[in-house]
There are 6 protein chains.
Amino acid sequence: MQAQNNCFIGFEDDFTQAKAVLFGAPFDGTTSFKPGARFAPNAMREDSWAIESYSPYFDKDLEDLELFDYGNLELPFGDKKNALRMIQDLTQEIIEANKIPIMIGGEHLVSLAPVKALSKKYKNLQIIHFDAHTDLRNDYLGEALSHATVLRRIYDQVGDGNVNQFCIRSGLKEEFEWAKKHTHLEKFTYNTLESCVRRLKEKPVYITIDLDVLDPSVFPGTGTPEPGGISFHQMMEIIKILSKLENVVGMDIVELSPKFDASGVSTAVACKTLRELVLATVK
Amino acid sequence: MQAQNNCFIGFEDDFTQAKAVLFGAPFDGTTSFKPGARFAPNAMREDSWAIESYSPYFDKDLEDLELFDYGNLELPFGDKKNALRMIQDLTQEIIEANKIPIMIGGEHLVSLAPVKALSKKYKNLQIIHFDAHTDLRNDYLGEALSHATVLRRIYDQVGDGNVNQFCIRSGLKEEFEWAKKHTHLEKFTYNTLESCVRRLKEKPVYITIDLDVLDPSVFPGTGTPEPGGISFHQMMEIIKILSKLENVVGMDIVELSPKFDASGVSTAVACKTLRELVLATVK
Amino acid sequence: MQAQNNCFIGFEDDFTQAKAVLFGAPFDGTTSFKPGARFAPNAMREDSWAIESYSPYFDKDLEDLELFDYGNLELPFGDKKNALRMIQDLTQEIIEANKIPIMIGGEHLVSLAPVKALSKKYKNLQIIHFDAHTDLRNDYLGEALSHATVLRRIYDQVGDGNVNQFCIRSGLKEEFEWAKKHTHLEKFTYNTLESCVRRLKEKPVYITIDLDVLDPSVFPGTGTPEPGGISFHQMMEIIKILSKLENVVGMDIVELSPKFDASGVSTAVACKTLRELVLATVK
Amino acid sequence: MQAQNNCFIGFEDDFTQAKAVLFGAPFDGTTSFKPGARFAPNAMREDSWAIESYSPYFDKDLEDLELFDYGNLELPFGDKKNALRMIQDLTQEIIEANKIPIMIGGEHLVSLAPVKALSKKYKNLQIIHFDAHTDLRNDYLGEALSHATVLRRIYDQVGDGNVNQFCIRSGLKEEFEWAKKHTHLEKFTYNTLESCVRRLKEKPVYITIDLDVLDPSVFPGTGTPEPGGISFHQMMEIIKILSKLENVVGMDIVELSPKFDASGVSTAVACKTLRELVLATVK
Amino acid sequence: MQAQNNCFIGFEDDFTQAKAVLFGAPFDGTTSFKPGARFAPNAMREDSWAIESYSPYFDKDLEDLELFDYGNLELPFGDKKNALRMIQDLTQEIIEANKIPIMIGGEHLVSLAPVKALSKKYKNLQIIHFDAHTDLRNDYLGEALSHATVLRRIYDQVGDGNVNQFCIRSGLKEEFEWAKKHTHLEKFTYNTLESCVRRLKEKPVYITIDLDVLDPSVFPGTGTPEPGGISFHQMMEIIKILSKLENVVGMDIVELSPKFDASGVSTAVACKTLRELVLATVK
Amino acid sequence: MQAQNNCFIGFEDDFTQAKAVLFGAPFDGTTSFKPGARFAPNAMREDSWAIESYSPYFDKDLEDLELFDYGNLELPFGDKKNALRMIQDLTQEIIEANKIPIMIGGEHLVSLAPVKALSKKYKNLQIIHFDAHTDLRNDYLGEALSHATVLRRIYDQVGDGNVNQFCIRSGLKEEFEWAKKHTHLEKFTYNTLESCVRRLKEKPVYITIDLDVLDPSVFPGTGTPEPGGISFHQMMEIIKILSKLENVVGMDIVELSPKFDASGVSTAVACKTLRELVLATVK
């Protein structure tokens, strides 16, 4: 008799045969407003079974892909450096086995770790980033490593012109100014995503989706809800565009904080976004 | 001194004079994810008094119609066959008195009972169905009677070509395939509703609205929230189109689960949908 | 050592230097459905620090304006006349010092008090009003002073043709009829706002926003949620239009009831609306 | 076909045959902290069906008594005087028919109305009062009629020595001092209840239970939770003692605010307390 | 790389070596008031990691026992007979391997299945039952299999005098009468538990704990909260007494409904009760 | 016109005249289960106005003491060392002015900072500690500074025999063993508190109350609820005993997490505990 594994729907294969490997990074130690993103990976696993593995949008099924769910890392909440190192080590192991890492956060800071691992392997790693917030501060209340600085730290890894930011609707004036020189940042909308994807089509791309890019009407369960975001229909349009990328080498979705949305809608949105994103980009 | 009856707003007439009869079918015994639709009818009655009986959309008032609110059936939660039989008997009684039955669920399975009663009276009964889910499985975990099979069972009653499904965005691949042969199923949208209504204009029509057809942003209080649904404005457009039907012989709205939306918004949405639907189709 | 004052973000100046003065009027004594608007001002102050003071929409910052946050009035919940008098007195004091009063309610009835104070100073005071509800009853369950009669009482102050109502989607038939003769009322939408603003450009204008004008999908935290409202994007469009007014002499936002939205989204929406409204109209 | 009446369990008889008449007084217009007691009567009716009508404590059944549930009064929230008058009129009607009025509040202020009606009929009316708070202020923020002054107003009706207060654990110093001269007030406990009941055995007694006398551990759903109250077992002991009274002429339970306890426990506590109180005192 | 299994704390061994086997029976299909017990097993697994595996009460550690967590059965919600059969089959398999089955419900009806399996193996199986409710009806709304009849059905298996019920505080008069002849039922308290345990010391005993035996102050998260229950300290006393049993052959804890207690306290109570019960009786 | 300061009830004096200084330390960066203690200080300030400043237990009033409320420190969530340093600096400033620091956490780790400051001034500083958990680990997932290690770190400051722990009901076996040699630890109860207080009567004492020492029935709003704690009545007994101390030089109450208890009861408990503790020990 075998213990039942409580995995994400459709991620029921073994590590060795898998093309992509899902894992949870339940860390929210630098969250400045409302913590709780640490509960996202398990909530998503449990509620994923209330959606189907089949997508009528892409007419594809997660069960037709080889997918493995590793479970969660056990991370120390008061020690961000150590937590990031543990995430980086796991990502390293996954990409060394030639598999695509798929991470569920946690707060946005966790995205730094897979980018560090991947940017060693891929010299010209490209970032596509969806978010309500710029996340480009150089430090936040004195901290260089923070959910509010993570894209700046990612920029430190991949360099000028390789970070592409969409739908951003909040930040300091200085961040928007800084972005003009160093990243592609589109305020509020994603009109340039299509051309961006054409440009990056064959390059190695890491996708990071801070789910608070969605309007809080459909995604209230997040630490810092910011009104004025995109609808779920627009998220689906975005994923359709992303499906034209041919070399997605890693991805994450972060900042679901399920306990702040008792209705479970935010968790359902996160699950469906992940399903569609995987069906669109894991090839 | 008479006890006060806690009815739905505007449903304050007697049975004998009424054109339409509202009743609650608080059954959710086959719900597979999050049960609680049983609490919908009473929640809707209480909160209906926070909306008006007058509709500025149709410039009509529920008080200008003769409407009776029977209250709820008392149904056994562990015995779906018996529950369905009790609902069917009540519907039978209503239609024998030449009145229009209006049912508040409960889970979607309850819709089968009025359809059974009505399809005896009307040989060419037509179904118009709004839902996030196909509900066309032949069985669900071995059960033939289930919220996930209810449209298939309804199809068994009314036959090929008489089930019209709109806005469907989730299901098994097999269900979508099966629908191609046996029902009119429009994925995601309701572009063909107008022509469907023209076609069915004078035929006897039963309308069943699974409220999860709405996007969970505006209707989080449901057992299986499925992102990507229609807005409330679109629901109003739909009802405007339905107002052209001339022979609506019964209707239901199902799958409100009020305790999963403490804000009360989902209940308000259900109440207003019911008000508009009644004003549009009870003639 | 000085006690820290818990003010709204960016309202950190002194009274004497300030151009505009914010205060809370935490009264909800006539609320007929779900009370709780009394908790709005403090909730908004606390959560305002989770949005930025900088607006990427207007490329302006609250910190570049001189703004003072007075705190809350302490109002007796069972004595509406006395409560209104206390609000009127404070507004009086603010406008006598040539500053713009900005009020956070409370229920909508509180809007009557600043209008009374302002209509003494400005003979041709104009009202611009956003709401789900007409609020034009002459009395409500026998009460002349009520959240459901407040625009009628405001009309009593400013007279025929000086009340401009937008996006109204609920009311009695009589109210809509009455409005045809006495106010400018646009049902459901705000298509005529642009021309209204052109007309009132240089006149003294008071803006009152009942936040339930927003769709409950994005603003569930209110006493009487009414489906079918505007989106947050539309609220931003409205504020952009209002930014063309040159003589806004007072404003309020009312009917946030934060405890009915545990996710905090409604409070965030109220905070961002206030930030944008102030940046658009305080000159 | 008759509409189903949604009454409190066991209160299923007609007015004429009834010994006691239950009604709801859903008023909370003077609540100073967290309003919501208006929702108590309907919540209790709905949830009463989850407890039994039979009490294993008294070995008695509500169904063996003749009991009528009138429903709720529709009260104006911003007009306390009018609301109190309406409650007094209904109580008057009930006692003129020689029936015992049983009122579910609402906030505590509503208790004044039945006491006014009863003190006209019974010259030496006695009050037995359970509460966390003294409620003996002469005015509250200038209001003479308030939840915080209600026992003082009741004292004005019945006079020195006729108000008996138990388990009080919060108030102003002045209130406790005042009580020493004018009421029987036992702080924290109910050790003197037994002798009080012996003394009042044959006198006409009105019982008023502010449910916040219970510890918030078992009764969180109330406007002003005050830690350090009695347990439910102690409430049962109290009711056992009260069962020795031979002439209870009226009673109320007030200050349940069901929406502040989503678990439903507070409502269940209120229902069971009412069941036991009725079985103990209606003879 | 192995997927992480999300087991109950301390249940980390393999099936073959284990002395006891935990499994979840997430069925609540006959719940008559508030469903949701289906969510208990996974909620308990996740939150068990917030308590320790070590008990300072018994000075024992779960890690010193060999324990296996099988996970959950996937049960059809609308088909109670089939669900019970599946549970019985699993229990059968466990006891055939000479291991002790430990079940987390689900509603109370699930207890019938392991009793059926065990009563085949042990001719003189004894039941020790803790509950707020008698659960002795012969049928409930016509259903013979129901949460309200389960102890009657268990009685059908084990016969007169072999069911021992403690702390019962709610039921029909008939149930209490029936119990006098057929079971050992102690109303409200557990004074006779000590002598019962002495009597059954070496006999095969099945323990079934309906967690609503606890007072709703400490266990609000249950479908039918019944005020007046035991405290957690008393639960610990009970478990201490049960630790003297020498032949416990199976056990369950049922009726946690975690979504009705957002604070997580009820789940913590269930976890700690299970830890202590296992440490006390698995030998 | 002065901005209103939103202070804790009764803490309305200036710094210079004050005997004791309250401040908030809203840090929860090392919380391992459910974060949110950062919201405690502001929640307590707001809700403190719903209890009185007068205590009928001690017949004393906060208004008769000179008390100042500084407000909150703004602490970096991802940088525990820096956060602790900022708290220590503020405490230093307070004790240099010969005032008593009163801290509201935050998680328990914050207690280390005032102890560090005070142990410099008072060579023989004594700790009295109430908690559900030992908090005596040497490190937690590799972190030396953690909510789970804080009493061990405090011990490092004050040395053998100077830490007195009461009511502890959870921990590792190793922690209980270690305590036997280095601290005075009473499991479950506080029977030895009286003699401890006699012993420490004139010594400088720091009191630290982790509110999870209370049973989760009355204090559900905490990060790691642990069933089996003390009642509020017992907390009052404890404070009565503590009132015999003559040289309390500092105190804190920590681990309220208000968003996990929407009823507000936990916040009310924290407020009343603080009021009583201050009235008992500030002399």
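Cut-offs and rules
- Residues numbered from 1 in each chain as written.
- Chains lettered and ligands numbered in written order.
- Predicted model: local features only at pLDDT ≥ 70, side-chain atom pairs only at ≥ 80, totals over all residues.
- Heavy atoms only, no water.
- Buried < 20%, exposed > 50% of the residue type's maximum accessible area, 1.4 Å probe, protein only.
- Helix = DSSP H or I, 4+ residues; strand = E, 2+ residues; numbered from the N terminus.
- Contact = heavy atoms within 4.5 Å.
- Disulfide = S-S within 2.5 Å.
- Salt bridge = Lys/Arg side-chain N within 4 Å of Asp/Glu carboxyl O.
- Pairing = 2+ DSSP bridges.
- UniProt positions renumbered as here; feature names shortened; annotations may be inferred.
- Least-squares fit on C-alpha atoms with pLDDT ≥ 70 in both.
- Buried area = accessible area lost by both parts, 1.4 Å probe.
- Polar contact = N/O pair within 3.5 Å; in protein donor to acceptor, adjacent residues only side chain to side chain.
- Axes fitted to C-alpha atoms, helices over the stretch in contact; angles between N-to-C directions.
- Phe/Tyr/Trp six-rings, centres within 6.5 Å; stacked < 30°, edge-to-face > 60°.

Caption draft 1: Geometry of helix α3 (residues 112-121) of chain C. Counting buried positions along α3 of chain C gives seven out of ten residues, so the element sits mostly inside the fold. Buried residues along α3 of chain C sit in contact with α2 (80-96), β5 (100-105), β6 (126-130), α4 (150-158), β9 (205-210) and β10 (248-254) of chain C.

Caption draft 2: Summary view of the state of the cysteines. The final tally for this structure, using the stated rule, is zero disulfides over all chains. Free of any disulfide, C7 of chain A has its nearest neighbouring cysteine sulfur in C271 of chain A, separated by 12 Å. With no disulfide of its own, C196 of chain C has C167 of chain C as its nearest cysteine by sulfur position, at a separation of 12 Å.

Caption draft 3: Here's a closer look at the pattern of salt bridges. Applying the stated criterion across every chain, the model contains 78 salt bridges over all chains. Shared partners join several salt bridges into a network, and the residues in it are E52 of chain A together with R137 and E175 of chain B.

Caption draft 4: The pairing of strand β4 (residues 67-72) of chain B, seen in detail. Residues and elements named next belong to chain B. In terms of residue burial, β4 counts as a mostly covered element, since five of its six residues are buried. Here strand β1 (residues 20-25) runs beside β4; their pairing, made up of four bridges, is parallel. Note on β4: the bridge partner recorded for A20 is L67.

Caption draft 5: Structural context of the UniProt feature "binding site: Mn(2+)" (unreviewed entry) in chain A. Residues and elements named next belong to chain A. UniProt feature "binding site: Mn(2+)" (unreviewed entry): in the numbering of this structure it lies at H108, D131, H133, D135, D210 and D212. Taken along the chain, the residues just named run across 105 residues; in space they keep tight, none of their C-alpha pairs more than 12.2 Å apart. You can see H108 is positioned in the loop between β5 (100-105) and α3 (112-121). Not counting residues within four places of it along the chain, the set of residues in contact with H108 comprises H129, D131, D135, H147, V150, L151, T208, D210, V254 and E255. Within the fold, H133 resides in the loop between β6 (126-130) and α4 (150-158). Take H133: its relative accessible area is 14%, and that puts it in the buried class. Among all residues touching H133, those that are not within four sequence positions of it are I168, S170, D212, T224 and E226.

Caption draft 6: Looking closely at the relation of the copies chain F and chain A. Of the transformation placing chain F onto chain A, the axial shift is 0.0 Å and the rotation is 180°, giving an RMSD of 0.0 Å. The relationship between the two copies is best expressed as a two-fold rotation axis. For chain F, the smallest separation between a C-alpha atom and the rotation axis is recorded for G29 of chain F, amounting to 2.7 Å. Comparing interface residues between copies, 100% of those in chain F also sit at the interface in chain A, which points to an isologous, same-surface contact.

Caption draft 7: Representation of the interface of chain F and chain A. The interface is formed by 22 residues belonging to chain F together with 22 residues belonging to chain A. Roughly 1600 Å² is buried in total at the junction of chain F and chain A, and carbon and sulfur atoms are behind 60% of that figure. Here chain F is connected to chain A by zero salt bridges. One can count ten residue pairs in polar contact (both at pLDDT 80 or more) joining chain F with chain A.

Caption draft 8: Spatial organisation of the sheet that holds strand β10 (residues 248-254) of chain A. All names here are of chain A. Here we have eight strands laid out as an open sheet, ordered β4-β1-β5-β10-β9-β6-β7-β8, and parallel in their pairing. The sheet is open, and its two borders are formed by β4 (67-72) and β8 (184-187), each paired with just one other strand. Averaged over all pairs of adjacent strands, the angle between their axes in this sheet comes to 15°, without regard to strand direction. In terms of strand pairing, β5 meets β10 through three bridges, oriented parallel. Looking at the pairing, I104 lines up with I253 of β10.

Caption draft 9: How the structure looks around the sheet that holds strand β10 (residues 248-254) of chain E. All names here are of chain E. Here we have eight strands laid out as an open sheet, ordered β4-β1-β5-β10-β9-β6-β7-β8, and parallel in their pairing. With partners counted over all chains shown, the strands left at the sheet margins are β4 (67-72) and β8 (184-187), one partner each. On average, each strand axis in the sheet is inclined to that of its neighbour by 15°, with strand direction left out of account. Sheet topology note: the strand β6 (residues 126-130)/strand β7 (residues 163-168) ladder contains four bridges and is parallel. Bridge pairing in β7 places I127 opposite V163. Those strands touched by helix α2 (residues 80-96) are β1 (20-25), β4 and β5 (100-105), and its axis lies near 175° from that of β1. Packing against the sheet, helix α7 (residues 232-242) makes contact with β6, β7 and β9 (205-210), and its axis sits at approximately 165° to β6.

Caption draft 10: Layout of the side chain of T149 of chain D. Structurally, the position occupied by T149 of chain D is in the loop between β6 (126-130) and α4 (150-158). Contacts of T149 of chain D, omitting those with residues within four sequence positions, involve D135, R137, N138, D139, Y140, E143 and A144 of chain D.

Caption draft 11: View of the packing of aromatic side chains. Residues and elements named next belong to chain B. Applying the stated criterion across every chain yields a total of 48 aromatic pairs over all chains. For the pair F27 and F77, a centre-to-centre distance of 6.4 Å together with 15° between the ring planes defines the contact as stacked. With F27 in the loop between β1 and α1 (40-48) and F77 in the loop between β4 and α2 (80-96), this residue pair connects regions lying 50 residues apart in the sequence. Classification of F77 as buried rests on a relative accessible area of 12%.

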